[in-house]
Amino acid sequence: MSRDEDTDGKKLFIGGLSYDTCKEDLKAAFGRFGDITDIHIPIDRDTDKPRGFGFITFADSRDAKEAVAEMHEKELSGRHVSVNLARPRGEGGGRSGGGYGGSGGSRSSGGGFRDSGRDRGDRGSYDKYGGYIGGRSGDRGGDRGDRGDRSYLR
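The shown structure was predicted, so the numbers you read here are calculated from the model rather than taken from an experiment. (Residues numbered from 1 in each chain as written. Predicted model: local features only at pLDDT ≥ 70, side-chain atom pairs only at ≥ 80, totals over all residues. Heavy atoms only, no water.)

**Brief notes about the overall build of the protein**
Looking only at helices and strands, the protein features two helices and eight strands. Overall, the protein shows an N-to-C arrangement of helices and strands of β-α-β-β-α-β-β-β-β-β. The 154 residues of the protein split such that 25% are buried. Considering only intrachain contacts with a sequence separation of at least 6, the fraction spanning at least 24 residues in the protein is 52%. As displayed, the protein has an accessible area near 10600 Å², and 44% of this comes from carbon and sulfur atoms. (Helix = DSSP H or I, 4+ residues; strand = E, 2+ residues; numbered from the N terminus. Buried < 20%, exposed > 50% of the residue type's maximum accessible area, 1.4 Å probe, protein only. Contact = heavy atoms within 4.5 Å. Areas by Shrake-Rupley, 256 points an atom, 1.4 Å probe, with all protein chains shown as cover.)

**Looking at the pairing of strand S1 (residues 11–15)**
Burial runs high along S1: four of the five residues are buried. In this structure, S1 lies alongside strand S6 (residues 82–85), joined through four bridges in antiparallel fashion. Its bridge partner lying in S6, Gly 15 is registered against Ser 82. (Pairing = 2+ DSSP bridges.)

**Looking at the environment of Val 81**
Structurally, the position occupied by Val 81 is in the loop between strand S5 (79–80) and S6. Residues within four places of Val 81 in sequence aside, it is in contact with Ile 14, Gly 15, Gly 16, Leu 17, Met 71, His 72, Glu 73, Lys 74 and Leu 76.

**Looking at the nonpolar core**
Leu 12, Ile 14, Leu 26, Phe 30, Phe 58 and Val 83 are the most contacted members of the largest nonpolar core, which totals 18 residues. Those elements giving two or more residues to this core turn out to be S1, helix H1 (23–30), strand S3 (53–58) and helix H2 (61–71). Tallying contributions element by element places H2 first for this core, with four residues. Excluding anything up to four places from it in sequence, Phe 58 contacts Lys 10, Leu 12, Phe 30, Phe 33, Gly 34, Asp 35, Ile 36, Thr 37, Asp 63, Ala 64 and Ala 67. (Core = buried A, V, L, I, M, F, W, Y, C linked by side-chain atoms within 4.5 Å.)

**Quick notes on the sheet that holds S1**
Sheet strands line up and pair through hydrogen bonds in the backbone, either parallel or antiparallel. The sheet built from four strands is open, its strands ordered S2-S3-S1-S6 with antiparallel pairing. Edge positions in the open sheet fall to strand S2 (36–40) and S6, since each of these has one partner strand only. Neighbouring strand axes in the sheet, compared pairwise and without regard to direction, differ in orientation by 20° on average. Along the sheet face, H1 touches S1, S2, S3 and S6 and points at about 140° away from the line of S2. (Axes fitted to C-alpha atoms, helices over the stretch in contact; angles between N-to-C directions.)

**What to know about the environment of Ser 61**
With respect to the element layout, Ser 61 can be found in helix H2. Put simply, Ser 61 and Leu 85 are 24 residues apart on the chain and 9.6 Å apart in space, counted from C-alpha to C-alpha. Apart from residues no more than four positions distant in its own chain, Ser 61 is found in contact with Asp 8, Gly 9 and Lys 10.

Put into structure tokens, the structure is as follows:
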């Protein structure tokens, strides 16, 4: 069975983990609730460090539910953690499709960098490349794509 398959209420999502938390720490904290069949702490592919959350799969769904009831908002490795039954990908929170792209971070997706903290009011302004991006009507300041006249770069 792959980690992405639905495990019928046996898999937990643990959020807010300390970056120092390892599989052994999770096993020590959650093993008292029942047999654990898998522990997974995702690693960020850019930094090669833990991403701050993990998954634990129990052999029995009753053990998973007991762990949620006992461990949600409790302290683990110096942090208060969120413990919930994991949902299959595509059900609620998180990004669709995983990986990069999704809904945040890049200028072209409209996520992040939208407002640099300056209130421009209704007057137009120029982007960092010297292109006029206009006022507030219509376009609200995201990526314009053309970046104005950039013929000087050729």
